[in-house]
Amino acid sequence: MSVYTPEQVSSYLHRLGLDRHAVPDVSLATLTMLMRRHLSVVPWENLDIHYSQSHRLSVSPGDVHHNVVERKRGGYCMQNNTGFCTLLRSLGFNVYTGGARVSLMVQGKQREDGFTGLTHSVIFVLFGDIIHTTYVVDVGFGRHGLIQPILLADDGSSVSACCD
């Protein structure tokens, strides 16, 4: 599992308008604050896939750090969520990424099952040592995305992050 160096963590936090002392602990409140900062500063964009010479994008944590922090750019879901996940892990959060399906209602389309294939990525953040409480975090979906961590529960409830 990749982590950023202390220097990379400091520069990533600086990109978010924070210093290391602004991240007091590994908590839901800190996670929410970091997520909102990331969403307000790092845009969802896919310019490089269209306008670079190679039309390829790297999702390696080092390349994402270079793009987001040093070039002051954004990225698409896998880039933004890879960078943010690596930052969270580097700060001590228990995290992993996973694939996700997108509701076609976001695009105003109908399909029998109503979802795309596994074309999106999200972050799962676990709190607790024995019994884990899991939240889903997504900083890579643009204007239709989550604006705070969402608790995953098996009580039959559901949450939608869709549409205008």
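Details of the structure are given in the entry above.
Let me begin by describing the structure that accompanies this report.

Definitions and limits used
Residues numbered from 1 in each chain as written. Predicted model: local features only at pLDDT ≥ 70, side-chain atom pairs only at ≥ 80, totals over all residues. Heavy atoms only, no water. Helix = DSSP H or I, 4+ residues; strand = E, 2+ residues; numbered from the N terminus. Buried < 20%, exposed > 50% of the residue type's maximum accessible area, 1.4 Å probe, protein only. Contact = heavy atoms within 4.5 Å. Areas by Shrake-Rupley, 256 points an atom, 1.4 Å probe, with all protein chains shown as cover. Phe/Tyr/Trp six-rings, centres within 6.5 Å; stacked < 30°, edge-to-face > 60°.

Attention now goes to the overall build of the chain. The secondary structure content of the chain amounts to five helices and four strands. Taken from the N to the C terminus, the helices and strands of the chain come in the order α-α-α-α-α-β-β-β-β. Within the chain, the proportion of its 164 residues that are buried is 42%. Here the analysis covers contacts within the chain between residues at least 6 apart in sequence; of these, 56% occur between residues at least 24 apart. For the chain, the accessible area works out to roughly 9500 Å², and carbon and sulfur atoms hold 54% of it.

Turning to the packing of aromatic side chains, a few remarks are in order. Inspection of every chain in the model, using the stated rule, returns four aromatic pairs. With centroids separated by 6.2 Å and ring planes inclined at 80°, the aromatic side chains of Phe93 and Phe127 adopt a geometry described as edge-to-face. Here Phe127 lies in strand β2 (residues 115-127) and Phe93 lies in the loop between α5 (77-90) and β1 (94-103), a separation of 34 residues in the sequence. Judged by centre distance (5.0 Å) and plane angle (25°), the rings of Tyr96 and Phe124 are stacked. On the criterion of sequence distance, the pair formed by Tyr96 in strand β1 and Phe124 in strand β2 is long-range, its members being 28 residues apart. We classify Tyr96 as partly exposed; its relative accessible area is 37%.

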